[in-house]
Amino acid sequence: MKKYIGYIPAVLFTAFYLAVGVTGASLTFSVVLLWLACMWASALLLHKGAFWGGIFGLLPAIHMVYMGTQHAGQVINIEIPLGIILILFYGIFGFYLWKKRNDMPKIENKEIVIMVVKVALTIAVLMASAYIAVISGMILISEGIHQVFAYIGMLVIPSLFLPLIWLKKRKKFILIWLIPAVIYFIAFGIHYGMKKHEESITINTAPNIKVSEYLPFDENSKIVKLDSKTLKLTENLPRIDGAAAFFPVYSAFVNAVYPEDTELAYNGVFDYSNTTAGYARLARREKDIFLGVYPSEEQMAYAEEENTTFIYTPVGMEAFVFFVHKDNPIENLTTEQIQGIYAGEITNWKEVGGRNEEIAAFQRNEGSGSQSMLKRFMGDTPIMEAPTEMINSMMSGIIEKVSDYKSKSNSIGFSFRYYVEGIIQNPDIKMLSVDGVAPTAENIKNGTYPILTPMYAVTYEGNPNENVDRLLEWILSEEGQYIIEETGYVGITG
């Protein structure tokens, strides 16, 4: 029983890190792997009666003490006492085995060499598989592969090579390992094939504006280029941010009145987040102006928590539009019909004069500008849950994949007119008339299109920067409104 005592640190530390988790291809992750590898190497050698095996355990112990000395000032510095305990443990147990060395069977040199090689291979596999797992996992997830497949894929290398290093009956293990491996790769292939098939029959209209095409002070930029004759800001520049759909507008503002060395930068004076992050940063007063649509109730509640009062200045008008696939025969829907669709009361296109097809009414994520606009459009009518696509992955059961703004031939989606016409420009979708009125610039100006919303320059009460008000006045001036109109929106004074 005594020969198993050496496993105690290895088991305890492994259980701890499995419980708390250490993720990411970072220095900390590498250090933890080395610690655990040394502890297990020490445990195996001590199990064989090699008293010098405790040296492997002393390495992480000494390193823990060193790490503890680098964090002076902490109330509780756990590394130092842990390191000291491990030093005492491996020192005392190693000394005990040395005293008992004559009573134990001698270890052959060949056995020691094999053990050392196995330990070295184990460390190499752990280190290599950790980095390969992180990189491959990131690649798989970025490709849209479900996280369950990515996480299981991360275990392929260590689950194969570690047992091959330590087990004696390797042929039997390989046969057993191949069964779940084959099932996994078949399931992965089916999942990947279904994903690619879905991409081939769907239209992605998510807000993925190419910011690089709309930067200020760039001769190839698509923004409206205007050199302001009435306002030039050189200091105390208002920190400006906005929604994706409004980026070309406020980028053009920067181009017109800010210094030419102003660059897009996170937490800089010119920034691009999105509606959710932008309003949060305005609420924390990290930004001076946010350009976009009216915030959601949650975003206003967060501002209240931060003791921030938003001030709304309408700077333009925009139409909230619904669109379908170009092959859908529907050209017009009434307000009541759209509300019925998004309430889940109308579920087939034939109910509104279309084909006998089930309606897929897709939505956006909570907090996005368009989803908040949908809620305002629906009023007191509750919105049904967003549709999901169910995929049987064979290994993980039913995977729920939330569709974020994809339009199939039987579906309906929503956005703002400029985003559909000016940025997405997808020839396979068409905007619907609502109550018989098309969402044209003229119908927005004359107010006949039924779903209109102001575009706001949102500031906060008590901002000490006087240039904020100067910029707002300029946005409402002839020059600012010219940029809004020429970009594709409808000016508030037009």
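Values in this document were obtained by computation on a predicted structure and should not be read as measured data.

## Notes on the pattern of salt bridges
Two side chains bearing opposite charge may form a pair once their charged atoms approach each other closely.
Line of reasoning, step 1. With the rule as written, the count across this model stands at 14 salt bridges.
Line of reasoning, step 2. Across the pair Lys 287 and Asp 271 runs a salt bridge, and its minimum N-O distance is 3.3 Å. Pair noted here: Lys 287 is in the loop between helix H10 (275-283) and strand S3 (289-292) and Asp 271 is in the loop between helix H9 (247-257) and H10, with a separation of 16 residues, a long-range link.
Line of reasoning, step 3. On the basis of relative accessibility, which here comes to 1%, the residue Lys 287 falls in the buried class.
Line of reasoning, step 4. Where salt bridges share partners, they join Asp 241, Asp 271, Arg 281, Arg 284, Glu 286 and Lys 287 into one cluster.

## Description of helix H13 (residues 369-378)
Line of reasoning, step 1. The buried fraction of H13 is high, at 8 of 10 residues.
Line of reasoning, step 2. Where H13 is buried, its residues touch H10, strand S4 (310-325), helix H12 (335-342), strand S10 (411-416) and strand S13 (452-460).
Line of reasoning, step 3. Just downstream of H13, Gly 379 is the residue with a positive phi angle, here 65 degrees.

## Considerations on a nonpolar patch on the surface
Line of reasoning, step 1. Among the surface-exposed residues, Ile 174, Leu 175, Leu 178, Val 182, Ile 186, Ile 190 and Met 194 lie close enough to one another that they form a single nonpolar patch of about 570 Å² accessible area.
Line of reasoning, step 2. Relative to the assigned elements, Val 182 resides in helix H8 (residues 170-200).

## Points about the nonpolar core
Line of reasoning, step 1. Core analysis: the largest hydrophobic core is formed by 76 residues, its most contacted members being Phe 322, Tyr 342, Ile 412 and Trp 474.
Line of reasoning, step 2. Trp 35, Met 39, Leu 86 and Leu 97 belong to the second-largest nonpolar core, a separate cluster that totals 15 residues.

## Concerning the pairing of S13
Line of reasoning, step 1. Most of S13 is tucked away: 7 of the 9 residues are buried.
Line of reasoning, step 2. Across 3 bridges, S3 lies against S13 in antiparallel orientation. When the sheet's bridge partners are listed, Leu 291 is paired in S13 with Ala 457.
Line of reasoning, step 3. As defined by bridge partners, S4 adjoins S13 across 9 bridges and the pair is classed as antiparallel. When the sheet's bridge partners are listed, Thr 313 is paired in S13 with Ala 457.

## Section: the packing of aromatic side chains
Line of reasoning, step 1. Enumeration over the complete set of coordinates arrives at 29 aromatic pairs.
Line of reasoning, step 2. Measuring from centroid to centroid gives 4.9 Å for Phe 246 and Tyr 489, while their planes differ by 75 degrees, and the two rings are edge-to-face. Of the two residues, Phe 246 is situated in the loop between strand S2 (240-242) and H9 and Tyr 489 in the loop between helix H17 (478-487) and strand S14 (490-491); the sequence distance between them amounts to 243 residues.
Line of reasoning, step 3. Here Tyr 489 falls in the buried class, since its relative accessible area comes to 2%.
Line of reasoning, step 4. Relative to Phe 414, the ring of Phe 320 has its centre 5.6 Å away and its plane inclined at 50 degrees; by these criteria the two rings are tilted. Taken together, the residues span a long stretch of sequence, with Phe 320 in strand S4 and Phe 414 in strand S10 at a distance of 94 residues. In this pair, the class of Phe 320 matches that of Phe 414, namely buried.
Line of reasoning, step 5. Grouped by ring-pair contacts, the aromatic residues Tyr 279, Phe 290, Tyr 294, Phe 310, Tyr 312 and Tyr 456 constitute a single cluster.

## A closer look at the environment of Ile 223
Line of reasoning, step 1. With respect to the element layout, Ile 223 can be found in the loop between strand S1 (203-204) and S2.
Line of reasoning, step 2. Counting along the chain gives 263 residues from Ile 223 to Glu 486, while the straight-line C-alpha distance between them is 9.2 Å.

## Thoughts on the pairing of S10
Line of reasoning, step 1. Burial of S10 is extensive: 6 of the 6 residues sit out of reach of the surface.
Line of reasoning, step 2. Residue alternation in S10 divides its side chains into two sets, Ser 411, Gly 413 and Ser 415 and Ile 412, Phe 414 and Phe 416, and both sets are buried.

## A short note on the side chain of Ser 372
Line of reasoning, step 1. Secondary-structure assignment places Ser 372 in helix H13.
Line of reasoning, step 2. With relative accessibility at 6%, the residue Ser 372 sits in the buried group.
Line of reasoning, step 3. Beyond its immediate sequence surroundings of up to four residues, Ser 372 is in contact with Tyr 294, Ser 296 and Gly 367.

## Some remarks on the confidence of the model for the protein
Line of reasoning, step 1. With 86% of its residues at a pLDDT of 70 or more, the protein has an overall mean of 82.
Line of reasoning, step 2. Highest mean pLDDT in the protein belongs to helix H16 (residues 466-475) (97); lowest belongs to strand S8 (residues 398-402) (30).
Line of reasoning, step 3. Predicted confidence for residues 389-405 stays below pLDDT 50, and this span has 53 contacts to residues more than four positions away or in other chains.

## Describing helix H4 (residues 79-99)
Line of reasoning, step 1. In this model, H4 (21 residues) spans 30 Å end to end at C-alpha, consistent with the 30 Å of a helix rising 1.5 Å per residue.
Line of reasoning, step 2. Among the residues of H4, those classed as buried are Glu 79, Gly 83, Leu 86, Tyr 90, Phe 93, Gly 94 and Leu 97. Buried positions in H4, seen along its axis, are confined to an arc of 115 degrees and lie on one side of it. Within H4, the exposed residues directed more than 90 degrees away from the buried face are Ile 85, Ile 92 and Lys 99.

Rules used throughout
Residues numbered from 1 in each chain as written. Predicted model: local features only at pLDDT ≥ 70, side-chain atom pairs only at ≥ 80, totals over all residues. Heavy atoms only, no water. Salt bridge = Lys/Arg side-chain N within 4 Å of Asp/Glu carboxyl O. Helix = DSSP H or I, 4+ residues; strand = E, 2+ residues; numbered from the N terminus. Buried < 20%, exposed > 50% of the residue type's maximum accessible area, 1.4 Å probe, protein only. Contact = heavy atoms within 4.5 Å. Patch = residues over 30% accessible without salt bridge, like charges linked within 9 Å, V, L, I, M, F, W, Y side chains within 5 Å. Areas by Shrake-Rupley, 256 points an atom, 1.4 Å probe, with all protein chains shown as cover. Core = buried A, V, L, I, M, F, W, Y, C linked by side-chain atoms within 4.5 Å. Pairing = 2+ DSSP bridges. Phe/Tyr/Trp six-rings, centres within 6.5 Å; stacked < 30°, edge-to-face > 60°. pLDDT = per-residue confidence, 0-100. Expected span 1.5 Å × (residues − 1). Arc of directions from axis to C-beta.

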